[in-house]
Every structure is written in structure tokens, then in C-alpha cells.
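One-letter residues, chain by chain:
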Amino acid sequence: MKKINLVFAFVFIASCVFAQEGLVSKKGEPYLPEKGDWSISIDATPFLKYAGNFIGSNGLNTAPTFDFLSGNNTIIGKYYIDQTKAYRVGLRLGLGSNSNTIKEDAIPNTTPATYVDDVSKSSFSNIGLTAGMEWRKGKTRLQGFYGYEAGLSLRSSSTSYTYGNKLSDLNPGGRWTESNSGVGFGLGLRGFIGAEYFIFPKIAIGGEFGWGLALRTVGERTTKYETWNTNLVTTTTTPSGGSTYFSVDSENLSSIFGSAGTIRLTLHF
């Protein structure tokens with residue numbers, strides 16, 4: 001049913017669009033991008049579902065939202081050198097940290113009770129960058145485009161643990177002190193082809209497919225664990241290996257490029 005509503009929505013939009021003629025609106029606004037214009041692309045699916053549900057009157061309509069084209073939350077945009085050429089860029093800059101503190105009874109116990117802090121600290125980085133060129137063809141509001149782009153990504157995360165009570169005969173056992181995910185590196189190179197139609201001045205709906213190569217590696221992951229053993233704290237570091245992936249295929253092979261085959265809405269300004 002959702003697919004049917006989506007088709008109805010697309011047909012409805014197209015019927016409204018094709019009723020208009022020319023490359024300039026009645027208010028004199030140009031439909032097509034011009035030299036110096038910027039654009040951003042978002043997932044058009046929420047808007048088409050909204051229109052389809054509205055037409056179908058199924059009572060399940062919720063307001064559409066801006067969604068990333070990429071599952072990796074990369075912002076994807078273009079800058080037009082002229083009407084037929086544009087730079088394509090994508091950026092993801094994710095950095096963060098978190099600290100959590102838990103109060104524990106001090107060892108040895110005291111009266112009145114005293115407490116110490118067990119602290120865990122986590123950090124992560126997720127960086128993605130793409131760049132490429134796009135060429136456009138077409139003399140009407142239906143525009144074809146093609147081009148190439150390259151991208152790279154870096155990922156890492158780590159967690160450390162510190163404890164208020166030291167290991168001892170009164171507090172034996174074992175516990176984690178550190179965990180590192182290993183550095184992940186991704187590299188992609190692709191060619192793409194697609195088409196879009198300018199439904200309103202500087203607002204286009206369309207999609208694209210790509211073909212290219214991708215290389216992804218994840219460095220060695222490690223964990224550290226400490227134990228109390230005969231009046232001595234022993235720390236054991238355990239590696240868990242890494243991984244490498246390489247492929248050449250007719251698909252977007254790195255999420256930093258955005259999802260292939262999706263219907264996208266592009267806004268120019």
C-alpha cells in the first residue's frame with residue numbers, strides 16, 4: 001500500500017510540474033541552477049510518503065523531516081562553476097566524548113562510610129570527506145548529469161576505566177582497564193550518472209547510480225585487563241586482529257557518498 005501511495009504521490013507531483021512551461025517561472029525566477037549557486041541534497045522519501053498518505057487519506061500521515069542521504073550522516077552539497085559544471089563535496093566531522101562516574105564503598109570499609117569514584121571515559125571520532133566534479137546536460141527542466149568523486153573516512157573509538165579502590169588482598173579479582181576499537185580507514189573512488197527534474201525554481205527531484213571501487217580497513221583492536229595475583233597487579237593486553245575489505249562494483253560502496261538509487265530532493269540557493 002505504501003508503494004502505491006508513493007507512486008500516486010510522484011504522479012501527482014509530476015502532473016503539477018509538467019503543466020508548467022519554460023525555464024523561468026511566472027515571477028521571473030529561473031528554474032535551473034546558475035553560476036555561483038550552492039545546493040544541498042536530502043532524502044526525498046519522507047516528502048513523497050507524506051504526499052502519498054495525504055492522497056490516500058489513511059490517517060497515518062506524519063510531518064516529513066530532513067533526512068541525510070548517507071547512513072553515515074554526511075552533508076552532501078554542490079557549488080556551480082557555471083550552469084553545466086559543479087564541484088561536489090561531502091563532509092562528516094564527528095567527535096565526541098563521555099564520562100561516567102559511579103560511587104563505590106571504600107576498601108577497607110570505614111565508619112562512618114567513605115566512598116571512592118569508579119570512572120569510565122569514552123571517546124570517538126568519525127570523519128568523512130568527499131570531493132568530485134559533475135557535468136550536466138539538457139536544455140529543459142529535465143537535466144541529466146554525470147561525473148566522478150573520491151572519498152575517504154576515518155573512524156576510531158576507545159574507552160578507559162579507572163577505579164577508586166586498588167586491587168589488593170582485600171579487593172582481589174579482575175577488571176577491564178581499557179578498550180580500543182582500532183583505527184578504521186576507508187577510501188572510495190566512483191563514477192556516477194543520474195537525472196533530475198526541476199519541479200519548482202531551484203528545487204529538483206531525482207536520483208543517481210554509481211560504479212567504482214572501495215577499500216576499507218580496520219586496525220587491530222585491543223583490550224586491557226588487570227588482575228590481582230600474589231601481591232602483584234598484572235595487566236594483560238589482548239589483541240583481536242583487524243580486517244580489510246576491497247571491492248569493485250556497480251553501487252555506492254562507501255556510505256560517505258550517499259545512498260545509491262534513492263530519490264533525492266536537491267535545493268539550490
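As shown above, the structure is provided for reference.
One structure accompanies this document, and this report is about it. (Residues numbered from 1 in each chain as written. Predicted model: local features only at pLDDT ≥ 70, side-chain atom pairs only at ≥ 80, totals over all residues. Heavy atoms only, no water.)

**Focus: the side chain of threonine 266**
Then, in step 1: Assignment of secondary structure puts threonine 266 in strand S12 (residues 264-268).
Then, in step 2: A distance of 3.0 Å separates the side chain of threonine 266 from the side chain of serine 41, its partner in a polar contact.
Then, in step 3: Look past the residues within four positions of threonine 266 in its chain and what remains in contact with it is Ser39, Ile40, Ser41, Glu196, Lys202, Ile203 and Ala204. (Helix = DSSP H or I, 4+ residues; strand = E, 2+ residues; numbered from the N terminus. Polar contact = N/O pair within 3.5 Å; in protein donor to acceptor, adjacent residues only side chain to side chain. Contact = heavy atoms within 4.5 Å.)

**Some details on the packing of aromatic side chains**
Then, in step 1: Per the counting criterion, the structure on display carries five aromatic pairs.
Then, in step 2: Ring centres of tryptophan 135 and tyrosine 148 lie 6.0 Å apart, and the angle between their planes is 40°; on these two criteria the pair is classed as tilted. Placement of the pair is tryptophan 135 in strand S4 (residues 115-137) and tyrosine 148 in strand S5 (residues 142-162), with a sequence separation of 13 residues.
Then, in step 3: The exposure class assigned to tryptophan 135 is partly exposed, which follows from its relative accessible area of 27%.
Then, in step 4: A connected cluster of aromatic rings, assembled from ring pairs, spans Trp135, Tyr146 and Tyr148.
Then, in step 5: Of note, lysine 78 hangs over the ring of phenylalanine 145, and the distance from its end group to the ring centre comes to 5.6 Å.
Then, in step 6: Positioned above the aromatic ring of phenylalanine 192 is the side chain of arginine 88, whose terminal nitrogen or guanidinium carbon lies 3.8 Å from the ring centre. (Phe/Tyr/Trp six-rings, centres within 6.5 Å; stacked < 30°, edge-to-face > 60°. Buried < 20%, exposed > 50% of the residue type's maximum accessible area, 1.4 Å probe, protein only. Lys NZ or Arg CZ within 6 Å of the ring centre and 35° of its normal.)

**Brief notes about unusual backbone geometry**
Then, in step 1: In the segment running from isoleucine 107 into proline 108, the intervening peptide bond is cis, with an omega of 0°.
Then, in step 2: Positive phi outside glycine occurs at asparagine 231, with the angle close to 60°.
Then, in step 3: Within the secondary structure layout, asparagine 231 lies in the loop between strand S9 (222-228) and strand S10 (233-239).
Then, in step 4: Assessed through its relative accessible area of 58%, asparagine 231 is described here as exposed.

**Topic: the pairing of strand S2 (residues 75-82)**
Then, in step 1: In terms of strand pairing, strand S1 (residues 38-43) meets S2 through three bridges, oriented antiparallel. In the sheet register, isoleucine 40 faces S2, and the bridge partner there is glycine 77.
Then, in step 2: Bridge analysis of S2 against strand S3 (residues 85-105) gives seven bridges, and the strand direction is antiparallel. Counted as the bridge partner of isoleucine 75 is leucine 91 from S3.
Then, in step 3: The turn joining S2 and S3, which pair antiparallel and follow one another in sequence, is formed by two residues. (Pairing = 2+ DSSP bridges.)

**Details of the side chain of glutamate 208**
Then, in step 1: Counting through the fold element by element, glutamate 208 comes out in strand S8 (residues 203-218).
Then, in step 2: Side chain to side chain, glutamate 208 and arginine 190 meet in a polar contact 3.2 Å long.
Then, in step 3: A distance of 3.4 Å separates the side chain of glutamate 208 from the side chain of arginine 264, its partner in a polar contact.

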